[in-house]
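# Remarks on the overall topology
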Amino acid sequence: MKKEVFEVSDRQEGERLDKFLSNIYPDLSRSFFQKLIKNQQVLVNGSPEKASYQVNLLELVSVEIPDAVPVSIEPEDIPLDILYEDDDVLIVNKPKGMVVHPSAGHYSGTLVNAIMFHCKDSLSGIGGEIRPGIVHRIDMDTTGALIVCKNDASHAKIAAQIKEHSVNRIYAGIVCGNIKEEEGTIEGAIGRHPTDRKKMAVNEKNGKPAVTHFKVLERFGNYTYMEFKLETGRTHQIRVHMAKIGHPLLGDTLYGSSHCAFKHLQGQTLHAGTIGFIHPKSGEYMEFSAPLPEYFEKLLKILQSK
């Protein structure tokens, strides 16, 4: 158990208590702190408050962060496509169909199972989450580069970069239709879909700001090969933004339609091709590229031959 005390500055005055803490600990979520607040593990001037309490100048906020607990996930000897590895970070090229971390219905065969076997005891465990080492994620059917943190210090520093939107993330994707522009920017806050809890949606009222930059790489009549650069990293961001402007990703059964399908294609055609960040120990900028998966290359050749 780690206990710390923070004094509210003029810059922080008026913030919700849960937001105040999540800004101090960028690797931990507001929902995590809401649980601590509910359990009275967060005190303001020695007294419990609600998560919605707005902190005042010079108030003292004390917080007890529980120690990470061992997770009940079994290491599995699953081959990893490793792009880079040192004592602090591991960059992997995630294959299509692999879930990043265990969840309901997916307790084995995940990336976490694989990296637990590969890294043994060398993984971050901030907050006792059941996804050790995972500081960000990509969807099951999205392929490409992903950062894994091998210790808590690296986890905290990479999480801070992600929160500040300073991590360079560039994706490749094929969308349905022939988009008019050569390049552009899509802005639209993303939050939970109001009626379908499996989906995200552009939701200006309850969503978080989201910005996606795009440019056309090649046109194939009814399909367009594109590059996407994320300014923010919301859940399903590229998929939601492209569906919103009428060009869902090819194969995306959640946000697209049956008219935007391709024979034998599993899930959306989206690949996290490039990831760049400041190394948590050396302070140097590092950038890694994951080659297009075989299915994606074959699909491009089919479209180019038509």
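My aim in this report is to walk through the structure given alongside it, one point at a time. (Residues numbered from 1 in each chain as written. Predicted model: local features only at pLDDT ≥ 70, side-chain atom pairs only at ≥ 80, totals over all residues. Heavy atoms only, no water.)

### Quick word on the overall build of the protein chain
A count of helices and strands for the protein chain gives 6 helices and 15 strands. Relative to a compact globule of 306 residues, whose C-alpha radius of gyration would be 19 Å, the protein chain shows 21 Å and is just as compact. With the principal axes as the frame, the protein chain shows a C-alpha extent of 70 × 45 × 40 Å. Within the protein chain, the fraction of its 306 residues that count as buried is 47%. If you take every contact in the protein chain between residues at least 6 apart in sequence, the share linking residues at least 24 apart comes to 65%. (Helix = DSSP H or I, 4+ residues; strand = E, 2+ residues; numbered from the N terminus. Rg over C-alpha atoms; globule rule 2.2 N^0.38 Å. Buried < 20%, exposed > 50% of the residue type's maximum accessible area, 1.4 Å probe, protein only. Contact = heavy atoms within 4.5 Å.)

### Quick look at the sheet that holds strand β4 (residues 60-65)
The strands making up a sheet associate through hydrogen bonds between their backbones, and the pairing can be parallel or antiparallel. In space, the 4 strands of this open sheet follow the order β1-β4-β2-β3, with antiparallel pairing throughout. Looking at which strands have only one partner, the edges of the open sheet turn out to be β1 (2-7) and β3 (47-48). Relative to the sheet, helix α1 (residues 17-24) contacts β1, β2 (42-44) and β4, its axis offset from that of β4 by approximately 65°. Here helix α2 (residues 30-38) sits on the sheet in contact with β2 and β4, set at roughly 100° to β4. (Pairing = 2+ DSSP bridges. Axes fitted to C-alpha atoms, helices over the stretch in contact; angles between N-to-C directions.)

### A short note on the environment of T143
Inspection of the secondary structure puts T143 in strand β7 (residues 143-149). Taking the relative accessible area as the measure of exposure, T143 reaches 2% and is therefore buried. Taking the C-alpha atoms as reference points, T143 and G97, separated by 46 residues in sequence, lie 8.3 Å from one another. What T143 contacts, discounting residues up to four positions off in sequence, is K94, P95, K96, I138, L270, H271, A272, P293 and Y295. Looking at T143, its side chain comes within polar contact range of the side chain of H271, at 2.7 Å. (Polar contact = N/O pair within 3.5 Å; in protein donor to acceptor, adjacent residues only side chain to side chain.)

### Considering the nonpolar core
The biggest cluster of nonpolar side chains holds 29 residues, and the ones touching the most others in it are L111, Y171, F228, I238 and M242. Every element with two or more residues in this core is listed here: β6 (89-94), α3 (111-119), β7, β8 (168-176), β12 (211-219), β13 (223-230), α5 (237-244) and β14 (270-278). It is α3 that provides the largest number of residues to this core, a total of 5 residues. When residues no more than four places from it in sequence are discounted, the contact partners of Y171 are I138, T142, M226, E227, F228, L230, I238, L270, H271, A272 and G273. V8, L21, L28 and V42 belong to the second largest nonpolar core, which has 18 residues in total. (Core = buried A, V, L, I, M, F, W, Y, C linked by side-chain atoms within 4.5 Å.)

### Topic: unusual backbone geometry
Phi is positive for L58, which is not a glycine, with a value near 70°. Topologically, L58 is positioned in the loop between β3 and β4. One non-glycine residue, H165, adopts positive backbone phi at about 60°. Turning to its location among the elements, H165 is positioned in the loop between α4 (152-163) and β8.

### Examining the pattern of salt bridges
In a structure, side chains of opposite charge can pair up when their charged atoms sit close to one another. In the structure shown here, the tally under the stated rule is 9 salt bridges. Taking the shortest distance from any N to any O, the salt bridge between E182 and R219 comes out at 2.8 Å. One end of the pair, E182, is in the loop between β8 and β9 (183-187); the other, R219, is in strand β12, and 37 residues separate them in sequence. Note on E182: relative accessible area 49%, which makes it partly exposed. Close ionic contact of D252 with R239 constitutes a salt bridge, the shortest N to O distance being 2.8 Å. Here D252, found in the loop between α5 and β14, pairs with R239, found in helix α5; they are 13 residues apart in sequence, far enough to count as distant. (Salt bridge = Lys/Arg side-chain N within 4 Å of Asp/Glu carboxyl O.)

### A word on the pairing of β6
The element β6 is extensively covered by neighbouring structure, given that 6 of its 6 residues are classed as buried. The side-chain alternation of β6 yields two buried faces, one formed by V89, I91 and N93 and the other by L90, V92 and K94. As judged from the 3 bridges shared by strand β5 (residues 82-85) and β6, these two strands associate in the antiparallel manner. Along β6, the bridge assignment pairs E85 with L90. Where β5 hands over to β6, the hairpin turn is made up of 3 residues, counted between the paired strands. In terms of strand pairing, β6 meets β7 through 6 bridges, oriented antiparallel. Following the sheet pairing, V92 is matched in β7 by L146.

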